[in-house]
Amino acid sequence: MLVLLILHLVAALLAPLLVRRWGPRACLLLALAPAATAGWAVAHTGAVRHGGAVVETYPWIPQLRFDLALRVTTLSWLMLLLVGGVGALVLVYSARYFPPGSVGLARFAAVLVAFAGAMLGLVVADDLLLLYVFWELTTVFSYLLIGHSTERRASRWAAAQALTVTTLGGLAMLVGFLLLGHHAGSYRWSAVAAAPLPGGGYLATAVLLILTGALAKSAVFPFNAWLPVAMAAPTPVSAYLHAAAMVKAGIFLIGLLGPTLAPAGPWRPVTVVAGLVTLVGGGWAALRQCDLKLLLAYGTVSQLGLLAVAFGAGTPAAALAGVALLTAHALFKAALFLVVGILDHATGTRDLRDLSGVGRAAPLLAAVAALAAASMAGVPPLLGFVAKEGVLAAFTDRPWVLVALVAGSALTVGYSIRFLWGAFGTRPGVRDTVLDRPPAAMLLPPALLAVAGLAAGLAAGWVGGLLQPYAELFGPVEEHLALWHGPTVALGLSALVLAGGVLLHLARGPLAPALARLRSPVGGNQGYEWVTHRFDRLAIEVTGVTQRGSLPQYLGTVLLVLVFVPGGAMVATAPWRVGLAPWDNPTQLVVCVVIAVAAVLAVGTRRRLTAMLLVGVTGYGTAMMFVLYGAPDLALTQFLVETATIAVFVLVLRRLPERFSARPLRRSRWLRRGIGVAAGLVMAGLALTAAGARRAPSISAAFPDLAVAQGYGRNVVNVTLVDIRAWDTMGEISVLVVTATGVASLIFERSRTGPRPRRPRPAVPRPGRTVWLRGGQTLHERRRSIVFEVVTRLIFHTVLIFSLFLLFSGHNAPGGGFSGGLVAGLALTLRYLAGGRYELAEAAPVGAGVVLGTGLAVSVGSGVLGLMLSGAVLQSVKVDLWLPLVGHFYLVTSLVFDVGVYLVVVGLVLDILRSLGAEVDRHVEAAGESGRGLTVRREGPGA
């Protein structure tokens, strides 16, 4: 099974290349992937024929006890046949349905194969959480398939509606899975089903949530509106997703969980009532449709309601009839959708009012449609008749359910005749439709599906024997599938259904006014639009109230919630009552006083630059606390980060007013100060609470020994970053790359990968005049500082060498890639501040994006290196070396990871300098702004 999943993944990845090379004919090759699924199911028929199971388990996340648990029993075996067989035929059909050069065909083929793989994973998943993963994958892929024609608003709307409804249902189902798994003690469904489940409200809640997801996926009331709208999708999508695959997922889930959850209180009432409403409502709506595809869509909704009733009843007879109906529906409805696609291709319309005489012009196509429609109507000897008779027989002891089933089935017969009459009949006053003979490649798939429905009906006993192990999960099976049971009540009801459907069609004229008037006062689509519109209005109102564009208001709200919620809980429980020492060293008190005074002064100052410097003092004071507590690595990093932050603030403050605005008023100032003091006290209390709440030994106690034994380094902090918790660091540098990209994207108005700014040709320097910085000559004299340029020229390379020293020594001494990258970034900042943006281009003649991407690639590559040398990703490996004049030494592969961190940090600083610094300078030059020392004068020709 895992091989089949991988096969679908590979086929989906290769699909765009194959379509570009061979066009629509590539679908023939891609059909081999779902065909392999059907072939696998056929090959394993013997293993599941007598109630057995095929099981595969692959370890995935052992810490969470989450494995790739795959299991095939009778129901999932049947779904594999349908998903694989119908999927392969739809792809064969698509090879002729789409003309060469069709827009989006490569994407369509890839997504359809990926959807088939997701459905495969859904039906074989034994773990509820794994099932949910595949469930949501089918939702995403169906969204892409329904919205295939992106240029049409109807397609986009239909895709969004299907995504919204099924995703919300899926989220409810996930909560139900979590409740059920926690309740049962396992998320492995085979284990849950094997143990008795205690009842009660907890289980009832889980059942209702799971049924919400299942009914939403299968378009059962009250979630039935999205399926007819989804007919905006191409016909192959409708034939596969809305007949054989996606809409069957919810029914499959009801069938899978039914043997265990059917006794739960809400299971039977919800499924049976919702199914009956859907059966009758969908059938009545189908009788009103003139678009053949919409007629089939509402018919699909109706049949899904019938399936929900059969699977939700929780009896052996209903379950056996349900799996037979599941098979029949996939065969006849997929065939009919494909027939409509052929008609649409050949005639250019699906409106039955414009079609006439098609049956005479295309008799073979009409015969295929008649065979499939007869199965839908329940005409013997087709499988549809066998299944529907079984459903009627299963409910002979429930009169009110039986009445609704007979009425809904009669409506099914009525719209089946309407489909055949509208598509292939001859109507007076309408010119005969001219059409070419359908291509054999398009006619073969629906013909095979229709004939399969006939063959399965004739072999009903043999088919019933294959499907019976599923029904036996509910109890002993007394009634078996058969084409002839003798003169029974169910047979009489089947005849009544057929007669009632014929009468409905014959009375279509007199019934027309009733069909037009008798409908729901609010349609499902209208209800969806009303609900979404109300949510949009609510979002606008809430946004208008809460999002006022005031950063102090946002911060104040966040801090008040912090003070009242966790702070209130902390005050109520007083967990900080532990013995405390005011300080270990009097110097710590001095540093704390400095930090506190700087923070208070920063709140009261009116100048932005002063406030920034005072905030910097608090940062440097924090670094001093690290020094006093014996954490040189943290102190070094804090010093460097604070310095880099001050440099960034200086770049930003150039474009802001010198002073803060006159607001806030005095009263609001005291309010904000109060909020700040309260938040500080709460954070101090939370820190004390966290420090005193530990009961188990700290995991960090083992880090010093691990750093030497496995990381081959004595600097515990650096080894933790690049080895023990390397995955965390990988995520953090990925965030840094995204942050740098976001900052640059907000500021740059042109490509970040374009050529670096060319330095204007300077005037010819005077004889004997030394040029300290080449870019400095482009600055206005008021911005130049010869002392600054000289100092920068003298120390720049030394600082870079020092950054490399920190990089290479960080494994055993304070330093590392992050600290070294910050030092190198500060060196570049120095060059920019001394010589401007052209000097920055001289210092770093490479794009920031290249540096960032290279750093991330190097870090990821180090994981591959560890995998090759040790068999584990990001595992450090010690490599012993010897060089003349140096002697024996060793390198650790985590150094490569640290080099990547170094490059990412350098790239981040370079990106900030280019965006907040050089790019802002360019804007200033272009606007011709002057004052405050910002004017840039270009010397040389034309200056």
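Residues numbered from 1 in each chain as written. Predicted model: local features only at pLDDT ≥ 70, side-chain atom pairs only at ≥ 80, totals over all residues. Heavy atoms only, no water.

Novice: Whenever I open this one, the side chain of Asp-898 confuses me. Can you help?
Specialist: Among the structural elements, Asp-898 can be located in helix 38 (residues 894–927). No salt bridge is formed by the buried Asp-898; its nearest oppositely charged neighbour, Arg-725, is found at 14 Å. Every residue in contact with Asp-898, bar those within four places of it in the chain, is listed here: Asn-718, Val-722, Leu-807, Gly-816 and Gly-817. (Helix = DSSP H or I, 4+ residues; strand = E, 2+ residues; numbered from the N terminus. Buried < 20%, exposed > 50% of the residue type's maximum accessible area, 1.4 Å probe, protein only. Lys, Arg positive; Asp, Glu negative; His and termini not counted. Salt bridge = Lys/Arg side-chain N within 4 Å of Asp/Glu carboxyl O. Contact = heavy atoms within 4.5 Å.)

Novice: Sorry if this is basic, but what is going on with a nonpolar patch on the surface here?
Specialist: On the surface, Trp-530, Val-531, Phe-535, Leu-538 and Val-542 cluster together to form a nonpolar patch covering roughly 520 Å² of accessible area. Tracing the sequence through the fold places Val-542 in helix 25 (residues 524–546). Val-542 sits in the partly exposed class, given a relative accessible area of 42%. (Patch = residues over 30% accessible without salt bridge, like charges linked within 9 Å, V, L, I, M, F, W, Y side chains within 5 Å. Areas by Shrake-Rupley, 256 points an atom, 1.4 Å probe, with all protein chains shown as cover.)

Novice: Is there a simple way to think about the environment of Leu-671 in this case?
Specialist: Mapped onto the fold, Leu-671 is located in helix 31 (residues 666–692). Taking relative accessible area as the criterion, Leu-671 reaches 56% and is therefore assigned exposed. Distance from Leu-671 to Leu-355, taken between C-alpha atoms, is 76 Å for residues 316 residues apart in sequence.

Novice: Quick question: what am I supposed to make of helix 23 (residues 489–506) here?
Specialist: Within an α-helix, residues lying three or four positions from one another point in the same direction, as the helix has 3.6 residues per turn. Between its first and last C-alpha, helix 23 extends 26 Å over 18 residues, near the 26 Å set by a 1.5 Å rise per residue. Taken as a whole, helix 23 has its buried residues at Ala-490, Leu-493, Ser-494, Val-497, Gly-501 and His-505. All buried residues of helix 23 project into a common sector of 115° when viewed along the axis, lining one side. Away from its buried face by more than 90 degrees, helix 23 exposes Val-489, Leu-503 and Leu-506. (Expected span 1.5 Å × (residues − 1). Arc of directions from axis to C-beta.)

Novice: I'm lost on the confidence of the model for the chain in this one. Help?
Specialist: Regions with low pLDDT carry predicted coordinates that are not meant to be interpreted in detail. On average, residues of the chain score 85 in pLDDT, and 92% of them are at 70 or above. Helix 3 (residues 32–43) holds the highest mean pLDDT among the elements of the chain, 94, whereas helix 24 (residues 508–517) holds the lowest, 68. Contacts from residues 929–943, a stretch scored under 50 in pLDDT, to residues over four places away or in other chains number 37 contacts. (pLDDT = per-residue confidence, 0-100.)

Novice: Looking at this structure, I do not really get helix 18 (residues 363–377). What am I missing?
Specialist: For helix 18, which comprises 15 residues, the first-to-last C-alpha distance of 20 Å matches the rise-based estimate of 21 Å (1.5 Å per residue) to within 8%. Backbone geometry just downstream of helix 18 places Gly-378 in the positive-phi region, at approximately 85°.

Novice: Please clarify how unusual backbone geometry should be interpreted in this entry.
Specialist: Glycine aside, a negative phi is what most residues show, and trans is what most peptide bonds show. Look at the link from Phe-221 to Pro-222: it is a cis peptide, with omega at 10°. Along the chain, Pro-222 turns up in the loop between helix 10 (201–217) and helix 11 (226–229). Here the amide bond leading from Pro-380 into Pro-381 is cis, since omega sits at 10°, within 30 degrees of zero. Mapped onto the elements, Pro-381 comes out in the loop between helix 18 and helix 19 (383–394). Phi at Ala-219 is positive, roughly 55°, even though this residue is not glycine. Its place among the elements puts Ala-219 in the loop between helix 10 and helix 11. Residue classification places Ala-219 among the buried positions, given a relative accessible area of 0%.

Novice: Looking at this structure, I do not really get the pairing of strand 2 (residues 66–72). What am I missing?
Specialist: Each regular strand shows side chains that alternate between the opposite faces of the sheet. Summarising burial for strand 2: 5 of the 7 residues are buried, a large majority. In this sheet, strand 2 lies alongside strand 1 (residues 54–61) in antiparallel orientation, the contact comprising 7 bridges. Along strand 2, the bridge assignment pairs Thr-57 with Ala-69. (Pairing = 2+ DSSP bridges.)

Novice: Before we go on, may I ask you to explain the nonpolar core in this structure?
Specialist: In a soluble, globular protein the nonpolar side chains are often hidden away together inside. Of all hydrophobic cores here, the largest spans 202 residues; its most connected members are Tyr-240, Phe-395 and Leu-405. Sorting elements by how many residues they give to this core places helix 16 (residues 316–347) first, with 21 residues. When neighbours within four sequence positions are excluded, Phe-395 is seen to be in contact with Val-309, Ala-313, Ala-318, Val-401, Leu-402 and Leu-405. In this structure, Leu-807, Ala-848, Val-851 and Tyr-902 belong to the second largest nonpolar core, which totals 36 residues. (Core = buried A, V, L, I, M, F, W, Y, C linked by side-chain atoms within 4.5 Å.)

Novice: Please explain the pattern of salt bridges as it appears in this structure.
Specialist: One pass over the structure, following the stated rule, counts 9 salt bridges. The shortest N-O distance in the salt bridge between Arg-188 and Asp-67 comes to 3.6 Å. With Arg-188 in the loop between helix 8 (153–184) and helix 9 (189–194) and Asp-67 in strand 2, this pair connects stretches of sequence that are 121 residues apart. The class of Arg-188 is partly exposed, set by a relative accessible area of 24%. Glu-541 is paired through a salt bridge with Arg-537; the nearest N and O atoms lie 3.0 Å apart. Of the two residues, Glu-541 and Arg-537 are both situated in helix 25; the distance of 4 residues between them amounts to about one turn of the helix.

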